[in-house]
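Topology and contacts: notes
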Amino acid sequence: MPIHKFTLGTPGEASQPDAIKAAFAEFFSMIIFVFAGQGSGLAFSKLTDGASATPSGLIIASLAHAFALFVAVSVGANISGGHVNPAVTFGVLVGGNISFFRSILYWIAQLLGSVVACYLLKFATGGQATPAFSLSSGVSVWNAFIFEAVMTFGLVYTVYATAVDPKKENVGIIAPIAIGFIVGANILVGGAFDGASMNPAVSFGPAVVSWSWTNHWVYWLGPMAGAAIAAIVYDTIFICDAMHEPLTQYNDF
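Basis of the calculations
Residues numbered from 1 in each chain as written. Predicted model: local features only at pLDDT ≥ 70, side-chain atom pairs only at ≥ 80, totals over all residues. Heavy atoms only, no water. Helix = DSSP H or I, 4+ residues; strand = E, 2+ residues; numbered from the N terminus. Rg over C-alpha atoms; globule rule 2.2 N^0.38 Å. Lys, Arg positive; Asp, Glu negative; His and termini not counted. Charge placed at Lys NZ, Arg CZ, Asp CG, Glu CD. Phe/Tyr/Trp six-rings, centres within 6.5 Å; stacked < 30°, edge-to-face > 60°. Buried < 20%, exposed > 50% of the residue type's maximum accessible area, 1.4 Å probe, protein only. Contact = heavy atoms within 4.5 Å. Salt bridge = Lys/Arg side-chain N within 4 Å of Asp/Glu carboxyl O. UniProt positions renumbered as here; feature names shortened; annotations may be inferred. Polar contact = N/O pair within 3.5 Å; in protein donor to acceptor, adjacent residues only side chain to side chain. Core = buried A, V, L, I, M, F, W, Y, C linked by side-chain atoms within 4.5 Å.

Topic: the overall build of the protein chain
- A tally of regular secondary structure across the protein chain gives 8 helices and 0 strands.
- In sequence order, the protein chain lays out its α and β elements as α-α-α-α-α-α-α-α.
- Relative to its length of 253 residues, the protein chain is compact, with a C-alpha radius of gyration of 17 Å against a globular reference of 18 Å.
- Positive and negative side-chain charges in the protein chain, numbering 7 and 12 respectively, have mean positions lying 7 Å apart.

Remarks on the packing of aromatic side chains
- For the structure on display, the rule yields 17 aromatic pairs.
- A centroid spacing of 6.2 Å and a plane angle of 20 degrees characterise the contact between F24 and F28, whose relative ring orientation is stacked. Here F24 and its partner F28 are both found in helix α1 (residues 17-47), 4 residues apart, which amounts to about one turn of the helix.
- For F24, a relative accessible area of 49% gives the class partly exposed.
- One aromatic cluster is present, formed by F153, Y157, Y160, Y234 and F238 through successive ring pairs.

Side note on the environment of P200
- Of note, P200 is situated in helix α7 (residues 200-210).
- Residue class for P200 comes out buried when judged on its relative accessible area of 0%.
- In the structure, P200 is positioned 115 residues away from N85 in sequence and 7.1 Å away in space, judged by C-alpha atoms.
- Once residues lying within four places of it in the same chain are set aside, the contact partners of P200 are N85, P86, A87, Y219, W220, P223 and M224.

Here we look at the pattern of salt bridges
- Applying the stated rule across the entire model yields 2 salt bridges.
- A salt bridge links R102 to D18; the shortest N-O distance between them is 3.6 Å. Taken as a pair, R102 in helix α4 (residues 100-124) and D18 in helix α1 lie far apart in primary sequence, 84 residues in all.
- Residue classification places R102 among the buried positions, given a relative accessible area of 8%.
- We classify D18 as partly exposed; its relative accessible area is 42%.

As for the UniProt feature "transmembrane region" (unreviewed entry) in the protein chain
- The sites that carry the UniProt feature "transmembrane region" (unreviewed entry) are, in the present numbering, residues 20-44, 56-77, 105-124, 144-164, 171-193 and 217-240.
- Taken end to end, residues 56-77 comprises 100% helix and 0% strand; its first and last C-alpha atoms sit 31 Å apart.
- Along residues 217-240, the helical share is 92% and the strand share 0%, with 32 Å between the first and last C-alpha atoms.

Some thoughts on the environment of S62
- Residue placement: S62 occurs in helix α2 (residues 55-77).
- Along the chain, S62 and V141 lie 79 residues apart, while their C-alpha atoms are 22 Å from each other.
- If sequence neighbours within four positions are ignored, S62 has contacts with G184, A185, I187 and L188.
- A polar atom in the side chain of S62 sits 2.6 Å from the backbone oxygen of G184.

Observations concerning the nonpolar core
- By size, the foremost hydrophobic cluster in this structure holds 56 residues, and its most contacted members are F33, L69, V84, L155, V159, Y160 and M198.
- Counting only elements with at least two residues in this core, the list comes to α1, α2, α3 (86-94), α4, α5 (141-164), α6 (175-194), α7 and α8 (218-239).
- The leading source of residues in this core is α8, at 9 residues.
- Setting aside chain neighbours within four positions, we find L155 in contact with N85, V88, I179, I182, V183 and M198.

Comments concerning the side chain of H65
- With respect to the helices, strands and loops of the structure, H65 is situated in helix α2.
- H65 gets classed as buried once you look at its relative accessible area, which sits at 10%.
- At 2.7 Å, the side chain of H65 forms a polar contact with the backbone oxygen of A61.
- Among all residues touching H65, those that are not within four sequence positions of it are F33, G37, Q38, V183 and I187.

Set out below in structure tokens:
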């Protein structure tokens, strides 16, 4: 079990220049991702007079999130590892590839980046708030929990396979696009049911701006559970006791 590889670190990490730079990288990457991803929904809603919940709207959201995440991961990869997701950071933490105190710094930066992006969208659109994630009619909180856990499992499993695994070799080059693709594909699957967040920060920003917290816990617990399971499964079966390399940068970039 990789949990024995858990690294606490020290509070002093928060003041180290490389950790501060990494936090800023996560902050700006999150702004890029959320502004483009959530902004695409607002733009489509405006173009269709509010009818964003359509098959074409789902496809637009999938493509926008896939492209934006590809870019957001790429621009942060050499500095912070390009997590752009508290669940990814948690999965990496479970596998012992990042310290707990550094993870806290990442989580703060990611949440702030999402909130700032949503407020920027609100100002840019003349006061149109980014709607909070919500469950579709007939979808229970446990249905949504399973959706979020399974989709995030796929995301973090992809992160481990393409970015964390010491044996990845040239596969690491395609890590950002693989990560973007799995998120886009998952949105096509779960978007009509619970919005397909897979990312607590992406859910947090809209919730703050619209001040709507109904069933918000699902968008934290589901992704965190899926991330932890993916980390344990991949590390136990495929990495085992091989030497870990910290996910502070994708070395193939």
